[in-house]
Amino acid sequence: MSMSENKVQNHITPLLKREGQGGNSSIKAVLFDMDGVLFDSMPGHAYAWAKIMTEYGLPMREEDAYENEGRTGIGTISIFTQKYWGRDATVEEADELYRRKTIVFNEYQAAHGGEAPEIPGAGAVLNAVRDAGLLRVLVTGSAQQSLLTRLEKHYPGHFTPELMVTGDDVRYGKPNPEPYLIALKKAGITADEALVVENAPLGVRAAVAAGITTIAVNTGPLDAKLLADEGAAIVLPSMSALAEQVSEIINNKGI
Ligand code: MG
C-alpha cells in the first residue's frame, strides 16, 4: 500500500496530529468548499459543462468537469481553448459560454427537483463545528447571485457575507492558494488555526498550498487517490463519515 492509499480510509489518521499540542486544539475556523461539500450540485455542473463546451467545439466529458472542479468559469474554459485552439479564451467567449452553461445547469436542476439537494451529513458537520465554538467560512469558486440565500435556506445561521470568499473575490481562483489565503485574512486567523473541507483535487491543492490541513471528502466519481495525492491529510468517503469524526478531529483526541 502506498503512502497516499494509506490516507484513504475512514478513520482519523495520525497525519492530523500537531506536534507539541498536547491534545488541545488551536483550531479556530473550518473553511468549507460549497459544490460537492454542502450541495450535491456537481452532477448538474458536469452535465452542463460537457454539453455546452462540446456544442461550442470544445470536446469535454463529464469526468473532465470533476477533474477541473474548483476553477473559475474562465479558468475551466481556457483549459479547453488551450487544448483545442492553442490559446486562452477571450473574456467575450468565456462570458458567452458561462452564460449558456448556467442556463443548462438551471434547466438540469429544474428537471431534477428544482435545486441541488444538500449533501447528506453536511448539516451535522456544520452544527458540530458551531457547537465546538469555531467559525464557519465559505470558500467557493462559484459566483452565483443567489448563493447566500440558498445557504441560509439550507444551513441557517452558519454563514455570513463577511466570512465568505466567492468567485467574485478572486483574481486567480483555485488551484491557486489565493481564495484560501483571502479566507484566512477575512477570518483573522493563521493557516495553523484552520481546517479545510474540500471534495475536489484542485481544491485540495489550493488549500494545501495555503498551508492549511485539509480534510477531503470524496463525494464524486473520481478515484480517492487523487485527493490524497494532492496532499489531503485524510480522505473520507462522505460528509456523513466526517460528521461522525469531526468533533474528534477538532479536538485531536485519540490520535
Ligand atoms: Mg467542490
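Scroll up to find the structure.
Procedures and definitions
- Residues numbered from 1 in each chain as written.
- Predicted model: local features only at pLDDT ≥ 70, side-chain atom pairs only at ≥ 80, totals over all residues.
- Heavy atoms only, no water.
- Salt bridge = Lys/Arg side-chain N within 4 Å of Asp/Glu carboxyl O.
- Helix = DSSP H or I, 4+ residues; strand = E, 2+ residues; numbered from the N terminus.
- Buried < 20%, exposed > 50% of the residue type's maximum accessible area, 1.4 Å probe, protein only.
- Axes fitted to C-alpha atoms, helices over the stretch in contact; angles between N-to-C directions.
- Parallel < 35°, antiparallel > 145°, perpendicular 65-115°, else oblique.
- Left-handed = near helix turned anticlockwise from the far one by under 90°.
- Contact = heavy atoms within 4.5 Å.
- Nonpolar A, V, L, I, M, F, W, Y, C, P; charged D, E, K, R; others polar.
- Arc of directions from axis to C-beta.

(A) Region of the structure containing the pattern of salt bridges. A full pass over the atoms with the stated rule returns 15 salt bridges. Put simply, Glu 96 and Arg 100 hold a salt bridge, and the shortest N to O gap is 3.8 Å. Taken together, the positions of Glu 96 and Arg 100, both in helix α5 (residues 91-111) and four residues apart, correspond to about one turn of that helix. Here Asp 229 and Lys 225 are joined by a salt bridge, their closest N and O atoms 3.0 Å apart. One end of the pair, Asp 229, and the other, Lys 225, are both in helix α10 (residues 224-229), four residues apart, so they sit about a helical turn from each other. Among the residues examined, Asp 229 registers a relative accessible area of 44% and is labelled partly exposed. Among the charged side chains, a salt-bridge network with shared partners connects Lys 51, Glu 55, Glu 96, Arg 99 and Arg 100.

(B) Main features of the packing of helix α4 (residues 73-85) against α5. At a minimum axis distance of 10 Å, the contact between α4 and α5 shows a crossing angle of 115°. It follows from the interaxial angle that α4 and α5 lie roughly perpendicular. You can see that α4 and α5 cross each other, and the crossing is right-handed. Two secondary-structure elements touch here, α4 through Gly 73, Ile 74, Ile 77 and Trp 85 and α5 through Val 91, Glu 93, Ala 94, Leu 97 and Tyr 98. When its residues are assigned to classes, the contact of α4 with α5 shows seven nonpolar, one polar and one charged.

(C) Broad picture of helix α7 (residues 147-154). When α7 is considered as a whole, its buried residues turn out to be Leu 147, Arg 150, Leu 151 and His 154. Summarising the axial view, the buried residues of α7 lie within an arc of 100°, below the 170-degree limit, and thus occupy one face. For α7, the exposed residues set more than 90 degrees away from the buried face come down to Thr 149 and Lys 153. Next to the buried residues of α7 lie β2 (135-139) and β3 (164-165).

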